[in-house]
Amino acid sequence: MGKELIQGLGGVEFDRELIVRYDGKGPRYTSYPTADRFTEVVSSEQYAQILQQRLPGALLSPLSLYFHIPFCNTICYYCGCNKIITKDTSKADVYIDYLNREIEMNAAQLPQRSRVSQLHFGGGTPTFLSEVQLARLIGVVRTHFDLLPGGEYSIEIDPRKVGESMIRTLAGLGFNRMSVGIQDFNPAVQEAVNRIQSEEETRSVIEAARMHGFKSVSVDLIYGLPKQTAATVAETIERVLSLRPDRIALYNYAHLPERFMPQRRINEADLPAAEVKLDILQNSISQLLDAGYVLIGMDHFALPNDDLAVAQRRGRLQRNFQGYSTHADCDLLAFGVSSIGKVGANYHQNVKTLDEYYAKLDAGEFPVVRGLQMNRDDVIRRAVIQALMCQFELYYQAIEVSYMIDFFDYFAQELTLLQPLVADGLLTIETDGLFVTAKGRMLIRSIAMIFDQYLRTKTTQARYSRLI
């Protein structure tokens with residue numbers, strides 16, 4: 001299988017030789033500049049000023065809120081998230097006490113009571129919290145913010161720990177979207193990553209979500225896990241398709257045991273070879289597109305009538321720390337350990353451990369530790385990278401009008417650096433814009449990296465995942 005055209009939104013063409021040649025390591029661009037560039041120390045006083053300077057007014061765009069719930073009952077060996085393994089649910093009560101303080105402190109500094117159009121609970125495992133604990137936390141949120149009707153309110157679900165009662169409670173609290181972790185249905189793979197999960201319990205959660213009015217159900221899959229083969233993953237995809245989720249995320253497993261300790265429990269000899277990973281990816285994309293899903297960005301798929309697919313068709317697709325989004329770029333307030341937010345041109349990240357988090361809040365300080373204030377060049381490059389990652393195309397005029405630049409002059413160096421990619425057929429440079437080709441879609445991160453000024457001028461200690 002040297003080259004194969006898979007028909008989808010614009011088509012995807014696999015060129016094995018090119019994919020192997022370009023498959024280095026690089027950022028996923030959930031932000032630009034990327035989080036590993038957050039080197040500025042952000043004090044509690046500085047963060048308070050950032051909140052205070054958010055412009056008031058009825059026309060101000062609504063907020064997005066993110067809550068990091070770090071607790072998990074068991075450890076999944078592949079996981080690279082910031083998590084705490086415990087079965088003691090009382091720890092969540094204490095954590096919610098401190099989230100309450102952080103919410104109150106943020107709300108107190110904002111110029112006016114703020115509206116919210118997006119809310120996401122991530123982790124860890126948000127459903128580690130009991131129904132009572134979740135209701136308590138949402139109650140605090142609603143005390144200080146106005147959750148708009150028709151907003152996008154999502155939560156990550158572990159089907160192994162959730163029943164119909166929890167789904168009913170979540171719907172009653174206002175959640176209307178969920179992301180269901182699956183990763184792989186094969187028993188040998190599940191055992192190798194310490195995540196045993198049946199298709200039946202997964203199906204029951206998705207059916208309960210639909211019964212209780214959830215607008216969208218997404219499932220997460222990972223390719224490159226130990227014991228996976230092209231045949232076993234194809235079977236998992238078929239079983240997932242029988243569930244007919246609205247969205248499917250197909251992530252590349254990044255094996256970084258030097259960074260994530262749980263991954264040291266994975267036997268590297270069990271990981272599929274690079275050639276097998278490419279077979280898995282190519283076959284999976286074929287299956288999903290044949291089943292009627294649309295390729296969104298680089299690793300997401302959606303049914304044609306899903307909001308993500310509609311947003312892409314209309315040029316409104318966005319990318320942020322939660323992945324692809326349908327809402328326009330807006331300020332993001334992030335709560336809990338290690339969470340990352342953005343207000344105006346300022347990124348900020350909270351401390352990573354519970355002890356630090358509690359100590360900061362006990363001292364009456366915001367638990368922020370680092371961040372970055374974007375300069376004009378950052379803002380311009382962020383817009384360019386966002387357009388490429390979301391739309392696979394970029395029109396010069398949109399950037400020139402928004403930022404008062406001449407695109408060919410401003411990005412002269414980048415346009416020169418793009419020439420080898422043009423020669424390889426990854427994109428075309430036209431008189432009105434840049435257009436990613438069918439074969440370039442699989443290497444969109446390589447294209448975006450050309451516009452990353454930091455990769456050329458500043459070293460980083462980050463260990464990026466492989467592009468494919």
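Residues numbered from 1 in each chain as written. Predicted model: local features only at pLDDT ≥ 70, side-chain atom pairs only at ≥ 80, totals over all residues. Heavy atoms only, no water.

(A) Structural context of the overall build of the protein chain. Assigned secondary structure in the protein chain consists of 18 helices and 22 strands. Its C-alpha radius of gyration of 22 Å places the protein chain within 12% of the 23 Å reference for a compact globule of 468 residues. Across its three principal axes, the protein chain shows a C-alpha extent of roughly 55 × 55 × 40 Å. Burial status across the protein chain gives 57% buried among its 468 residues. A sequence separation of at least 24 residues applies to 73% of the contacts in the protein chain between residues at least 6 apart. (Helix = DSSP H or I, 4+ residues; strand = E, 2+ residues; numbered from the N terminus. Rg over C-alpha atoms; globule rule 2.2 N^0.38 Å. Buried < 20%, exposed > 50% of the residue type's maximum accessible area, 1.4 Å probe, protein only. Contact = heavy atoms within 4.5 Å.)

(B) View of unusual backbone geometry. For the bond from tyrosine 32 to proline 33, the omega torsion is -5°, close enough to zero to count as cis. Assignment of secondary structure puts proline 33 in the loop between α1 (16–22) and β3 (40–41). Cis geometry is found at the peptide bond from glycine 123 to glycine 124, where omega equals 20°. Relative to the helices and strands, glycine 124 resides in the loop between β7 (114–123) and α4 (131–144). One non-glycine residue, asparagine 194, lies in the positive phi region at around 60°. When you line up the elements, asparagine 194 lands in the loop between α6 (187–193) and α7 (199–211). Residue classification places asparagine 194 among the partly exposed residues on the basis of a relative accessible area of 30%.

(C) Geometry of the UniProt feature "binding site: S-adenosyl-L-methionine 2" (unreviewed entry) in the protein chain. The feature "binding site: S-adenosyl-L-methionine 2" (unreviewed entry), as given by UniProt, occupies Tyr78, Cys79, Gly80, Gly124, Thr125, Gln183, Arg195, Asp220 and Ala254 in the numbering adopted here. Checked against the element boundaries, tyrosine 78 lands in the loop between β5 (71–72) and β6 (84–85). Given the relative accessible area of 10%, tyrosine 78 is considered buried. Non-local contacts of tyrosine 78, meaning those with residues more than four positions away in its chain, are made with Gln183, Val193, Arg195, Ile222, Leu225, Tyr253, Gln263 and Ile266. Overall, the relative accessible area of 17% leaves aspartate 220 in the buried class. Every residue in contact with aspartate 220, bar those within four places of it in the chain, is listed here: Ser179, Val180, Gly181, Ile182, Gln183, Ala249 and Tyr251. (UniProt positions renumbered as here; feature names shortened; annotations may be inferred.)

(D) Looking closely at the environment of aspartate 424. Inspection of the secondary structure assignment puts aspartate 424 in the loop between α16 (419–423) and β21 (427–429). What aspartate 424 contacts, discounting residues up to four positions off in sequence, is Leu18, Arg21, Tyr22 and Lys439.

(E) Region of the structure containing the layout of surface pockets. Of the volumes computed, that of the second largest pocket is approximately 530 Å³. Secondary-structure elements contributing two or more residues to the lining of the second largest pocket are α12 (376–391), β20 (393–395) and α13 (396–403). The greatest single-element share of the lining of the second largest pocket, amounting to seven residues, is contributed by α12. A breakdown of the residues in the lining of the second largest pocket according to their chemical character gives twelve nonpolar, five polar and four charged. (1 Å grid on protein atoms, 1.4 Å probe; cavity = no way out; pocket = protein on both sides within 12 Å on 5 of 7 lines; lining within 4 Å. Points joined across faces, edges and corners; volume = space filled by probe spheres on them. Nonpolar A, V, L, I, M, F, W, Y, C, P; charged D, E, K, R; others polar.)

(F) Highlighting the packing of α7 against helix α8 (residues 230–243). Contact geometry for α7 and α8: axes closest at 10 Å, N-to-C directions at 25°. It follows from the interaxial angle that α7 and α8 lie roughly parallel. As α7 packs across α8, the resulting crossing turns out to be right-handed. Here α7 contributes Glu199, Thr202, Arg203, Ile206 and Arg210 to the contact with α8, which in turn contributes Arg239, Ser242 and Leu243. (Axes fitted to C-alpha atoms, helices over the stretch in contact; angles between N-to-C directions. Parallel < 35°, antiparallel > 145°, perpendicular 65-115°, else oblique. Left-handed = near helix turned anticlockwise from the far one by under 90°.)

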